[in-house]
Structures are given as structure tokens and as C-alpha cells.
Amino acid sequence: MDEQDQKLLKELLQKKLHGTLSKEEEQMLFDLSAKKTGRNPSTPTSSADLATGLSALNNLMTATDSLTNTLDEMAGKVNTKSSQAEAKQTIAEMEAEKKSKEKKWWW
């Protein structure tokens, strides 16, 4: 990228920053930035395509959050059941030990 292209890129970026960039200038900016980064220049994504993509991303994030919440809830239930089972097992072992001691005392 030569010095003239860099000056033009800087000028176009300033216009974009101030919101005064025309469609033709936007295409030039896109092409220059592609040239600078080594990408193949192509038609930039339209704002409608971007909005559709963002909407789809938002839907995906919502679904992911919902799934995460469901999995967290299920994990909580599993942990509760596991804790209950462990407690019952401990009580059963204690009762078995108590009965064993009582048997020995009587014999």
C-alpha cells in the first residue's frame, strides 16, 4: 500500500467516523482496507445482512442461555438426588453397625 492509498484510507476513515461517507466512498474504504490487510476485495456486507446475522446470533445466544439454565437445573437435581442417596446409605450403614454391636452385646 503506497502513501497515497494510506492518505485516502485515513481521509475515508475520518469521514466514516463523522458519518459523512457516501456509498462510493464506503466501497473505496472497504477495498483499501482489504488491500491493506491482504484480503480479496469483495462487496461489503449490507446493513440488512448484518441485522439478519445479528438477529440470528441473538437467537442462538438466547437458546444457548436457555439450554445452559436447563442443564444447570438438571445438574442441581442430580446433585440433590445424589446427596440424598449418600445420606440414606450413611444412615443404613450406621443402623447396620448399631445392630451389629447390639447383637454382639447380647451374645
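Everything here concerns the structure above.
Residues numbered from 1 in each chain as written. Predicted model: local features only at pLDDT ≥ 70, side-chain atom pairs only at ≥ 80, totals over all residues. Heavy atoms only, no water.

Asks: Quick rundown of the overall build of the protein? Include the residues and the values.
Replies: For the protein, the count of helices and strands is three helices and zero strands. Starting at the N terminus and ending at the C terminus, the protein contains elements arranged as α-α-α. Within the protein, the fraction of its 107 residues that count as buried is 7%. When contacts within the protein are restricted to residue pairs at least 6 apart in sequence, long-range pairs at least 24 apart make up 21% of them. For the protein, the computed accessible surface area is about 9,400 Å², with 58% contributed by carbon and sulfur atoms. (Helix = DSSP H or I, 4+ residues; strand = E, 2+ residues; numbered from the N terminus. Buried < 20%, exposed > 50% of the residue type's maximum accessible area, 1.4 Å probe, protein only. Contact = heavy atoms within 4.5 Å. Areas by Shrake-Rupley, 256 points an atom, 1.4 Å probe, with all protein chains shown as cover.)

Asks: Give a description of the pattern of salt bridges that names residues and reports values.
Replies: For the structure on display, the rule yields five salt bridges. Lys7 serves as the salt-bridge partner of Glu3, at 3.6 Å between the closest nitrogen and oxygen. With a gap of four residues between them, Glu3 and Lys7 both fall in helix α1 (residues 3–18), about one helical turn apart. Like Glu3, the residue Lys7 is exposed in the burial classification. Glu97 is the partner of Lys101 in a salt bridge, and the nearest nitrogen-oxygen pair spans 3.6 Å. In this pair, Lys101 and Glu97 both sit in helix α3 (residues 47–106), four residues apart, roughly one turn of the helix. Among the residues examined, Lys101 registers a relative accessible area of 54% and is labelled exposed. Taking relative accessible area as the criterion, Glu97 reaches 48% and is therefore assigned partly exposed. (Salt bridge = Lys/Arg side-chain N within 4 Å of Asp/Glu carboxyl O.)

Asks: Let's hear about the nonpolar core: which residues, and what values?
Replies: Counting residues in each nonpolar core, the largest one holds five residues, listed as Leu9, Leu12, Leu21, Leu29 and Leu32. Listing elements by their share of this core, those giving two or more residues are α1 and α2 (23–37). Aside from chain neighbours lying at most four places away, what touches Leu21 is Leu12, Lys15, Lys16, Glu26 and Leu29. (Core = buried A, V, L, I, M, F, W, Y, C linked by side-chain atoms within 4.5 Å.)

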